[in-house]
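Fold and contact review
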Amino acid sequence: MTRIETLLAEFEHEARTTRKHLARLSDDQFDWRPHARSYTTGELASHLVDCIRWTAPIFSADELDIDPASYKRYSAASSAALLDTFDGEVARGMQAIARASDSNATQPWRLQMRGKVWFEKPREAAFRDMTLNHLVHHRGQLSVYLRLLDIPVPGSYGPTADEAWG
């Protein structure tokens, strides 16, 4: 299996698992938050889409220069819109990864903020940090939200207390 095939398989698995979590949400739960300093459920779910949105820029260019003042985070208006946008971004990300080569995966990639380099690392490391690891982290938070909302939590790497083995 090539580097790119491995990254594509990881991305596909994590995206499919994340979608199972997102699909459990209904519109009436979007404004709920477990604590005053926490994201609302809708904000957290939307942030998962943002994590996926990093994929295409990482694999399509050697750098991304962001101006935080004009950067627009995704904000889902409904559960249906959330899933539709998520699916579109996953497809876009899969295409971007599939077009890359193994040598492209090891090339340097930079994130800049208003022209100042924030970090530079191999493209595959940037992808794991900014997309995969970030996605898994926030999906874990969403799992807690689901539990607190008394919504059955889907498994990520095996069944949960809400699912039967086998």
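Just above, that's the structure.
Attention in this report is confined to the structure presented alongside it.

Parameters and conventions
Residues numbered from 1 in each chain as written. Predicted model: local features only at pLDDT ≥ 70, side-chain atom pairs only at ≥ 80, totals over all residues. Heavy atoms only, no water. Core = buried A, V, L, I, M, F, W, Y, C linked by side-chain atoms within 4.5 Å. Buried < 20%, exposed > 50% of the residue type's maximum accessible area, 1.4 Å probe, protein only. Helix = DSSP H or I, 4+ residues; strand = E, 2+ residues; numbered from the N terminus. Contact = heavy atoms within 4.5 Å. Pairing = 2+ DSSP bridges. Axes fitted to C-alpha atoms, helices over the stretch in contact; angles between N-to-C directions. Expected span 1.5 Å × (residues − 1). Arc of directions from axis to C-beta. Phe/Tyr/Trp six-rings, centres within 6.5 Å; stacked < 30°, edge-to-face > 60°.

Once that is clear, we can look at the nonpolar core. Counting residues in hydrophobic clusters, the biggest one holds 41 residues, and the most contacted among them are Leu22, Phe59, Leu82, Phe127 and Leu142. Of all the elements in the fold, those that place two or more residues in this core are helix H1 (3–22), helix H2 (41–53), helix H3 (55–60), helix H4 (79–99), strand S2 (108–113) and helix H6 (123–148). For leucine 22, the residues in contact, after removing those within four places along its chain, are Ala45, Leu48, Ser79, Leu82, Leu83, Phe86 and Leu142.

What follows deals with the environment of isoleucine 4. Structurally, isoleucine 4 is set in helix H1. Other than its neighbours up to four places away in sequence, isoleucine 4 contacts Phe59, Ile97, Ala98, Ala100, Ser101, Asp102 and Ala105.

Turning our eyes to something else, we now look at the sheet that holds strand S3 (residues 116–122). One open sheet accounts for three strands, arranged S1-S2-S3; its pairing is mixed. For this open sheet the edge positions go to strand S1 (63–66) and S3, each flanked by a neighbour on one side alone. Strand-to-strand twist in this sheet, taken as the mean axis angle between neighbours without regard to direction, amounts to 15°. Here four bridges tie S1 to S2, and the two strands are oriented parallel to one another. Paired with aspartate 65 across the strands is glutamine 112, a residue of S2. Relative to S3, H6 is tilted by about 110°, and along the sheet it contacts S2 and S3.

This part covers the environment of alanine 125. By the element assignment, alanine 125 lies in helix H6. Measuring from C-alpha to C-alpha, the distance between alanine 125 and alanine 164 comes to 35 Å, with 39 residues separating the pair along the chain.

Before going further, it helps to examine the pairing of S3. Two faces make up the sheet, and in a regular strand the side chains alternate between them. Note that S2 and S3 share six bridges and pair antiparallel. Its bridge partner being in S3, glutamine 112 is matched across the sheet by valine 117. The turn joining S2 and S3, which pair antiparallel and follow one another in sequence, is formed by two residues; a positive phi near 50° is taken by arginine 114.

Positionally, histidine 138 belongs in helix H6. Contacts of histidine 138, omitting those with residues within four sequence positions, involve Leu44, His47, Leu48 and Cys51.

So, on to H1. The α-helix advances 3.6 residues per turn, and as a result positions three or four apart in sequence lie on the same side. Between its terminal C-alpha atoms H1 stretches 28 Å, which fits the 28 Å expected from 20 residues at 1.5 Å a residue. Among all positions in H1, only Ile4, Leu7, Phe11, Glu14, Ala15, Thr17, Thr18, His21 and Leu22 are buried. Down the axis of H1, the buried set is contained in an arc of 165°. They therefore lie on one face. Contact partners of the buried residues in H1: H2, H3, H4, helix H5 (102–105) and H6.

What follows covers the packing of aromatic side chains. If you walk through the whole model with that rule in mind, you get six aromatic pairs. A centroid spacing of 5.9 Å and a plane angle of 55° characterise the contact between phenylalanine 11 and phenylalanine 127, whose relative ring orientation is tilted. In this pair, phenylalanine 11 is assigned in helix H1 and phenylalanine 127 in helix H6, connecting sequence segments 116 residues apart. Looking at phenylalanine 11, the relative accessible area reads 0%, which means it is buried. Look at tryptophan 32 and tyrosine 145: their rings are 5.6 Å apart centre to centre, the planes differ by 85°, and that puts the pair in the edge-to-face class.

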